[in-house]
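# Geometric and topological summary
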Amino acid sequence: MKIKVRVSHEEDTKYAFLICKKIKESAKIRKTGIAKKDPEYIKSKMIHGNAVIAFYDEKLAGFSYLETFQNEEFVVNSGLIVFPEFRKQGLAKIIKIEIFKLSRKKFPNSKIFSITTSNPVIKINTELGFKPVSFSELTHSEEFWKGCQSCVNFDILTRNQRKMCLCTGLLYNPNTDDNNQKHKNKKDKNDLYTGDKIVLAYSGGLDTSFCLKYLIQEEKYEVHTVIINTGGFKKDELDKIEKRALNIGSKSHKTIDAIEEYYQNCIKYLIFGNILKNNTYPLSASSERIFQAIKIAQYATYIQAKAIAHGSTGAGNDQIRFDIAFQIICPDKIILSPIREMKVSREEEIEYLKNQGVSICWDQAKYSINKGIWGTSIGGKETLTSYHDFPEKAYPTKLKREKSENLELEFEKGELVSVNKEKGKAVKNIIKIEKIASEFAIGRGIHIGDTILGIKGRVAFEASAAIIIIKAHHLLEKHILTKWQLYWKDQLSNWYGMLLHEAQYLDPVMRDIEKFLKSTQERLTGIVDIILYPYRFHLVGIKSKFDLMTSSNMAKYGEMNYAWTAEDVKGFTKILSNQMKMYHNLNKKEE
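Presented here is an overview of the structure given in this document. (Residues numbered from 1 in each chain as written. Predicted model: local features only at pLDDT ≥ 70, side-chain atom pairs only at ≥ 80, totals over all residues. Heavy atoms only, no water.)

## Some points on the environment of I228
By the element assignment, I228 lies in strand β9 (residues 222-229). Distance from I228 to E288, taken between C-alpha atoms, is 9.5 Å for residues 60 residues apart in sequence. Discounting chain neighbours no more than four positions away, the residues touching I228 are I256, A258, Q292, K295 and I296. (Helix = DSSP H or I, 4+ residues; strand = E, 2+ residues; numbered from the N terminus. Contact = heavy atoms within 4.5 Å.)

## What about the pairing of strand β2 (residues 51-56)?
Counting buried residues in β2 gives six out of six residues, a clear majority hidden from the surface. Alternating positions in β2 separate into two faces, A51, I53 and F55 on one and V52, A54 and Y56 on the other, with burial throughout. Pairing geometry for strand β1 (residues 3-7) and β2, over five bridges, is antiparallel. Residue pairing in the sheet places I3 in a bridge with Y56 of β2. Linking two consecutive strands that pair antiparallel, namely β2 and strand β3 (residues 59-69), is a turn of two residues; a positive phi of about 50° is found at D57 within it. (Buried < 20%, exposed > 50% of the residue type's maximum accessible area, 1.4 Å probe, protein only. Pairing = 2+ DSSP bridges.)

## Section: the pattern of salt bridges
Tallying each qualifying case throughout the model produces 27 salt bridges. Measuring nitrogen to oxygen at the nearest pair gives 2.9 Å for the salt bridge that ties D318 to R321. One end of the pair is D318 and the other is R321, both in helix α12 (residues 318-329) and three residues apart, which spans about a single turn. Between K489 and E477 there is a salt bridge, and its shortest N-O distance comes to 3.0 Å. Of the two residues, K489 is situated in helix α17 (residues 483-501) and E477 in helix α16 (residues 464-480); the sequence distance between them amounts to twelve residues. Each member of the pair, K489 as well as E477, carries the same accessibility label: buried. A single salt-bridge network, built from bridges that share partners, covers E288, R289, D318 and R321. (Salt bridge = Lys/Arg side-chain N within 4 Å of Asp/Glu carboxyl O.)

## Some thoughts on empty space enclosed by the protein
One pass over the full model with this rule turns up one cavity of 30 Å³ or more. Within this model, the largest cavity holds a volume of roughly 30 Å³. Every residue along the wall of the largest cavity is listed here: T397, E434, S438, A441, I442, R444, E462 and S464. Looking at side-chain class alone, the lining of the largest cavity contains two nonpolar, three polar and three charged residues. (1 Å grid on protein atoms, 1.4 Å probe; cavity = no way out; pocket = protein on both sides within 12 Å on 5 of 7 lines; lining within 4 Å. Points joined across faces, edges and corners; volume = space filled by probe spheres on them. Nonpolar A, V, L, I, M, F, W, Y, C, P; charged D, E, K, R; others polar.)

## Concerning the sheet that holds strand β11 (residues 307-309)
The strand order β10-β9-β8-β11-β12 describes an open sheet built from five strands, whose pairing is parallel. With one partner strand each, in any of the chains shown, β10 (252-257) and β12 (334-336) form the two edges of the open sheet. Neighbour-to-neighbour, the strand axes of the sheet open up by a mean angle of 25°, direction not taken into account. Across six bridges, the pairing between β9 and β10 is parallel. Following the sheet pairing, T225 is matched in β10 by H253. (Axes fitted to C-alpha atoms, helices over the stretch in contact; angles between N-to-C directions.)

## Let's talk about a nonpolar patch on the surface
Residues I328, I329 and L506 make up a contiguous nonpolar surface patch of roughly 230 Å² in combined accessible area. Checked against the element boundaries, L506 lands in the loop between α17 and α18 (508-519). (Patch = residues over 30% accessible without salt bridge, like charges linked within 9 Å, V, L, I, M, F, W, Y side chains within 5 Å. Areas by Shrake-Rupley, 256 points an atom, 1.4 Å probe, with all protein chains shown as cover.)

## A look at the sheet that holds strand β21 (residues 536-543)
Strand order in the open sheet formed by five strands is β17-β16-β15-β20-β21, with antiparallel pairing between adjacent strands. Edge strands, defined here as strands with exactly one partner in the open sheet, are β17 (422-423) and β21. Direction of pairing for strand β15 (residues 405-412) relative to strand β16 (residues 415-419): antiparallel, over a ladder of four bridges. By the bridge assignment, E412 is partnered in β16 with E415. On top of the sheet, α16 reaches β15, β16, β20 (526-533) and β21; it is set at about 35° to β21, its chief contact.

See below:
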């Protein structure tokens, strides 16, 4: 037996007609109570998270909802129903407690009331701190009392000028000394209350803007927004994002620059490992997320926030990357993800923001774009299919250069130190290559891969600097490293990329692999010549004092050998083939 009672969401609307039917049948049997409920009204309660729904062994078993009156002075817990086949299991009490907790959380300063003829419900309410009161102490809202019209005892209520009926009025007043003390005693570090400080990871897009408004407007939290710049934003874009956050209602907004830290702790090792997910994708977005999450967690700790919120859906990888980092770095923080928890659609987000006066033409953005220093990932309707190509117009950068151009990259111990003979720090060099190569529309592709959730995911991307640097670096390695260095680097690099993609960056094995990768770069110094063309590039060759191909006087491949004789080769091949000869000789005897 498994009982589950949770806050409702949009997917639960399919149960609305059945719930209304059960409420009507129950009222008919009791010969009292409000019999008629509007399914559309019940659906609206579900969608906005103003109801709780119960399941018994995964079967729908019960329901209750809340509504407010007199400018949220009063909250009523209403519509409590337990389906007949699940009664006498303690389910009514669990539902009653959960709808009470939801009411306290969403409207901590409101008086909560209930009217009922059920003795068990009266007992439960009394245990929660409700007091029996006359109807005069309840809401005076005509809308509430109008709802009693479908009760068979409505005439009793009207004859008594709404002063009494067969129902008992029960009121929970949070402002009484008794309830204040109870509330203080029950307050838990895992509970959030009005005015609690929240940090929201804010990018300025639709999802995080919805979260910001929802957490302020509906949950009444004190929300502080933060954005971590890992190379995807210009100053004016960051200024616009800050302005948007403050206009929506953020208490404060912080921009944290993490580009250099991102390079030193991650991009550097992606280059050392020549890492392309499925030999295609340079982990542009997935490598950024962990560093954004780490910095957000550190900021939340710094400003002593009680919770951290993010705008991830329940269908992607980012929710896992954020949650894992938060759980490790600041385990005391509560994690909120409104879109994931409520399963809100893009259309519903837009409608909600419009209704709240936040209208920024969200519906005109057909593609979701995530830009960083290590590349741009792009999602759209085409990437939701397995067969549609990605349109040229959807890529953020356009082809501007038709004539080929030479590009020279210089590496020292695996790190990029100059572009076209101009020295500079690695981050600036990456930006410089991106600026040059993006005009050739180089580095585009569509990646299909396995998500952490076990489903396949498809994403378009453009990452001209990342692709060129990785391929140039790999060419240099093929000239300088030994056969077994190259082999084992491939094995560990593949694991490094996969673990990074799957939110395992904070596992200590990643530091172990990084030490190995760094040790392979001791001799990785030299120059790589490249020619850029529209949509492609050509690796011409390399120059390095550590080049194992040109620095050896032993032989020239396919031409002449100087370090061994013909007899040496004959002896070598005889020994090298020993085991194979034994194997095949045994096969002949068996035949």
